[in-house]
Amino acid sequence: MLRRLAVVGAICGGLTLWTLAYQTIQLQTQFTLPDLGYYASNFTLPVDSLWDAIGYDTPSANGEDMDPVFPEGMNYSSFLALHPEHAQRAVLVHSPIQSYFPDFCADCTWGNGMTCAGRAAFLKSKYGTADPEEATMKSRPNCRNPPLQIYWQDDEVDEFDNMFSQPRPVRGNLTASPILAGNLSIYFYETLRKDMGVELEDRMRDRYAQRNNSETNVQADIAIIDFFRTYPGRTDDPAKADIFVVPYPHASHCASKPTGVWLGACGHISYNWMKEGVFDTLTHFIGNEKRHLFLNVINQGNSNPTIRNFPLTITIGPRYKHTNLLVPYLNNLASFQPSAIRRHGKEWWTRPRTYSITYFFGLSNSKMRNSPRIWRQWFLEEVAKNWPDTLGGMPYAIRVMPNGKKPPSRFFTHMYKDSIFCPTLPGDTPPQKRFFDVIMMGCIPVVLAFDTGAEGENKTSWHQPGGLPIEDSFPWIPGSRSVYPQNEVDYRSFVVEVRGGVENVRPTIEALMQNYTEIRRRQLNLMKYAPYFSYGMSGDSHKYPDAFSQILESLRYYLDNHI
């Protein structure tokens, strides 16, 4: 076994020193150094200063920051040709991870709605074609896999313990908070029937503490209940309350499937069940209807209409009325906590990356008829047909997620963190958990932008043509009238919007990769806003401006403008 550490330094225009360090167990394939000419620009520093530069900023003689770049007409490959002392061999690892991903052509369409599998079956039945699958693929010229170059040696170290396995905050241990949203006073109900309240919370918290559970999209309600229960501005006097919090975790209750089945719009949770266990216990509801806050952190279409129709609700979206308070999805891993995100300095957010784009995704299935996910299929076909092997001189990783056994989650975390851009193309609903996750991993989201088609409005949807506007889809976005301007999140300062369909993704990204200043600007705005998509759990609770502090700001705005 040959163990070797291969380090490649690449200085991409203003993006300076790109360092790729890969440790391989077995030396297998020699990798051709990429041509990073898209970053090439004028260069003023001497070679040694250029090569020693770390990060974006290098102090000049007068102490000011400057951006070192290549000499005119020179790129990374030509630089190494002139200065071979700076180059070490780069090894492309043939990782077993690649075997997890199915052939793109297995999901392809032949034409007129026929799948390639259907075409193969037709050839076999009609003509008795030998190897009909191979014949089908050979005669479909754009059916090829995008290149998948993986520079990753699995250290087999996973982030096993999520924050639900950590001690929860306890009321009384927190006597002050830097985030009180104008001394907002909260009354928290402790009267819910136990099977709809504390027992349900405990059962689902234990379930969520397991590393591999499938309800990652609905876990936020358990965490938010903990935040309100321990909030330093909580009062036990209902006469002093601004807001009454109803700690019924509706999304988690739906996901628990207590009847053993799942029905649309959470129909397996009956109205009488909620009435007797929750609504009948709210002794201060009459006269304070608009001040009672319900938790509905599940896709609106999957929630029970009874919960959906209360005047004031917290939801992951989309928003169908102005009193729906939009919040981000929860990521319960320790590395996504506010303290961990805020620990990253400018150098981390603007650090060198290996990949131009990383995107692993699922396609629609037979149950998702007319789903906006079709844009993912069209994007994959566009990549397979028209993209070169590198984008901006850098490799990219684009693949359909496998069914069944999947690569370890640490693989995806590594890939997204090591990429400049991360597409989040349309899913079943406008907001997606992936969108918020990649932001906190320092990857610039790329979305498709469409006109909403609303008469008299000039608004944009990131979901589908004629879809809901971004103001009703993403929390705290300007124009949503959900928080005061100083608390808004300027998504457009970092999100890349692509208009005109999937064929415009490539030219949009290639243009950006010629402008290192613009990439850096977006990365620094990620640094600015990413903490507001993180929920401070356990020891991080109530310590930092985060998603919960933004919820409090939303409630303050609601009280000032709608009551």
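Summarised in this report is the structure supplied together with it. Note that this is a predicted model, so its numbers are computed, not measured.

Among the structural elements, Thr-230 can be located in helix 6 (residues 220-230). At a separation of 2.8 Å, a polar atom in the side chain of Thr-230 contacts the main-chain carbonyl oxygen of Asp-226. A polar contact of 3.0 Å, which involves the side chain of Thr-230, links it to the side chain of His-542.

Time to look at the nonpolar core. Residues Phe-228, Phe-421 and Tyr-491 are the most contacted members of the largest nonpolar core, which totals 130 residues. Beyond its immediate sequence surroundings of up to four residues, Phe-228 is in contact with Ile-186, Phe-188, Arg-234, Val-245, Leu-293, Ile-314, Phe-548, Ile-551, Leu-552 and Leu-555.

Among the secondary structure elements, Pro-431 is positioned in the loop between strand 17 (419-423) and helix 14 (433-440). Residues contacting Pro-431, with those up to four places away along its chain left out, are Ile-316, Gly-317, Tyr-329, Ser-473 and Phe-474.

A separate point is the sheet that holds strand 16 (residues 397-400). What the 5 strands build is an open sheet, ordered 16-15-17-18-21; its pairing is parallel. Strands with a single pairing partner mark the edges of an open sheet, and in this sheet they are strand 16 and strand 21 (496-498). For this sheet, the mean angle separating the axes of adjacent strands, direction not counted, is 25°. Both strand 17 and strand 18 (residues 444-448) contribute to a ladder of 3 bridges, which runs parallel. Its bridge partner being in strand 18, Cys-422 is matched across the sheet by Pro-445. Strand contacts of helix 13 (residues 409-417): strand 15 (355-361), strand 16 and strand 17, with the helix running at about 145° to strand 15, the strand carrying the most contacts. Running at roughly 145° to strand 21, helix 15 (residues 505-512) makes contact with strand 15, strand 17, strand 18 and strand 21 of the sheet.

Take the state of the cysteines next. Enumeration according to the criterion identifies 2 disulfides in this entry. Paired through a disulfide, Cys-254 and Cys-266 show a sulfur-sulfur distance of 1.9 Å. Between Cys-254 and Cys-266, the S-S torsion sits near -110°, and that sign places the bridge as left-handed. Taken together, the positions of Cys-254 in helix 7 (residues 250-256) and Cys-266 in the loop between helix 7 and helix 8 (271-277) put the pair 12 residues apart, joining distant regions of the chain. You can call Cys-266 buried: its relative accessible area is 0%.

Moving on, we come to helix 5 (residues 198-208). Of the positions making up helix 5, those classed as buried are Leu-200, Glu-201, Met-204, Arg-205 and Tyr-208. All buried residues of helix 5 fall inside an arc of 130° around its axis, so they share one side. Looking at the buried positions of helix 5, the neighbouring elements they touch are helix 6 and helix 7.

Rules behind the numbers
- Residues numbered from 1 in each chain as written.
- Predicted model: local features only at pLDDT ≥ 70, side-chain atom pairs only at ≥ 80, totals over all residues.
- Heavy atoms only, no water.
- Helix = DSSP H or I, 4+ residues; strand = E, 2+ residues; numbered from the N terminus.
- Polar contact = N/O pair within 3.5 Å; in protein donor to acceptor, adjacent residues only side chain to side chain.
- Core = buried A, V, L, I, M, F, W, Y, C linked by side-chain atoms within 4.5 Å.
- Buried < 20%, exposed > 50% of the residue type's maximum accessible area, 1.4 Å probe, protein only.
- Contact = heavy atoms within 4.5 Å.
- Pairing = 2+ DSSP bridges.
- Axes fitted to C-alpha atoms, helices over the stretch in contact; angles between N-to-C directions.
- Disulfide = S-S within 2.5 Å.
- Arc of directions from axis to C-beta.

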